[in-house]
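Each chain, letter by letter, is given below.
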Amino acid sequence: MVASDPFASATVAVQDIHVRYRVPSTDSAERRRANPIARAAKSILGQQPMVTVRALAGISFVARSGEQIGIVGQNGSGKSTLLRIIAGLEKPARGQVLAESTPVLIGVNAALVPDLSGEQNVRLGCLAMGLTPEETARAVPDVIQLAGLGKSIYLPMKTYSSGMGSRLRFAIATAANPDILLIDEALATGDAAFRERSDARMRRLRDGAGTVFLVSHAAQTIEETCTRAIWLNHGRLILDGPAEDVALRYRKWAWALAKDKPDEAKTIIEDALSERADTHIRIEEPPGRHYTPRHVRGARRPADQHKTESR
């Protein structure tokens, strides 16, 4: 993979994002820590004690045009939450995300109907993403070819496996050539032929100065298809750098955990944190104008705004 251009224009700025959830817990220790009166009340009402889960803590980075950014981390590290924040589908407890254009998150932006055929959903999805009827008509054959579902494209989507649905969503999401594409494990399904076609499509998006975010548990996928990688662990940003380097360190860390070597795993994370360069973002706004964060729905960002950052 070609290294990212540090001087390319910024497309997404993630500024000090924190995400917290209050969820019920069956942990007996949490019950004992609760106020006795509150504990008694919850017991009477049949409620579990609530705990705070910190999904993301102080995440900051800048994405640039032409970059394909892989996001790696174990389950529960905050990868999918980060994509949803960038897409504007969740509101952070603190911080903001600014984007040059509307990010497209596969599986969410495509408004698909289970009772309609795959072919009909291709048309519906393209129209929902803002393509004109003429653009949709031109895009349909390419979307169908990329999805590679054969005759199943004419069957109702409710008959599809989860993998078939993911492939169709990926094909639809890339039909509009979005400037910012968010992919959550979409390439983990499908045969070798589909992976080759999807890799070629993502290269085309990147060559068109788009920005692609790819979440995957497979470090090898990140290493082979991305120019840059971000490693998350328990909501913290551990490392942000060239995909090959980050993927290699993540694989070593995962191997150490699998082999029950916690001290070695801890050392790998500590070394990565010590080498990580913090990102400091400064938003410059023209007089009389302001940015619209991604988590504020329904507002539009003026076309002549710009942003700068320092690292």
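Everything numeric here is computed off the predicted structure, so don't read it as measured data.

What counts, and at which threshold
- Residues numbered from 1 in each chain as written.
- Predicted model: local features only at pLDDT ≥ 70, side-chain atom pairs only at ≥ 80, totals over all residues.
- Heavy atoms only, no water.
- Pairing = 2+ DSSP bridges.
- Helix = DSSP H or I, 4+ residues; strand = E, 2+ residues; numbered from the N terminus.
- Contact = heavy atoms within 4.5 Å.
- Axes fitted to C-alpha atoms, helices over the stretch in contact; angles between N-to-C directions.
- Phe/Tyr/Trp six-rings, centres within 6.5 Å; stacked < 30°, edge-to-face > 60°.
- Lys NZ or Arg CZ within 6 Å of the ring centre and 35° of its normal.
- Core = buried A, V, L, I, M, F, W, Y, C linked by side-chain atoms within 4.5 Å.
- Buried < 20%, exposed > 50% of the residue type's maximum accessible area, 1.4 Å probe, protein only.

### A look at the sheet that holds strand β6 (residues 180-184)
Strand order in the open sheet formed by 6 strands is β5-β6-β7-β3-β8-β9, with mixed pairing between adjacent strands. With partners counted over all chains shown, the strands left at the sheet margins are β5 (104-105) and β9 (236-242), one partner each. Pairing between β6 and strand β7 (residues 211-215): 5 bridges, direction parallel. Among the inter-strand pairings, I180 is bridged to a residue of β7, identified as T211. Against the sheet, helix α3 (residues 79-87) touches β3 (68-72), β5, β6, β7 and β8 (228-233), its axis set at about 150 degrees to β6. On the sheet, helix α7 (residues 192-207) packs against β3, β6 and β7 and is oriented at approximately 140 degrees with respect to β7.

### Things to note about the packing of aromatic side chains
All chains considered together, the criterion is met by 5 aromatic pairs. In textbook terms, an aromatic cluster arises when at least three aromatic residues are bridged by ring pairs, as seen for W231, Y250 and W253. Residue placement shows R167 over the ring face of F194; its charged tip is 4.9 Å from the ring centre.

### A closer look at unusual backbone geometry
Peptide bonds are, in most cases, trans, and in most cases residues other than glycine have a negative phi. Its identity as a non-glycine residue notwithstanding, H234 has a phi of 50 degrees, on the positive side. Turning to its location among the elements, H234 is positioned in the loop between β8 and β9. Its identity is not glycine, yet D260 carries a phi of approximately 55 degrees, on the positive side. Note on placement: D260 falls in the loop between α9 (243-258) and α10 (262-275).

### With respect to the nonpolar core
Side chains of nonpolar character tend, in soluble globular proteins, to be buried together. V122, L168, L181, I183 and W231 are the most contacted members of the largest nonpolar core, which has 47 residues in total. Examining the composition of this core, we find that 6 residues originate from one element, α9, more than from any other. Grouped together as the second largest cluster of nonpolar side chains are 26 residues, I17, A63, I85 and V215 included.

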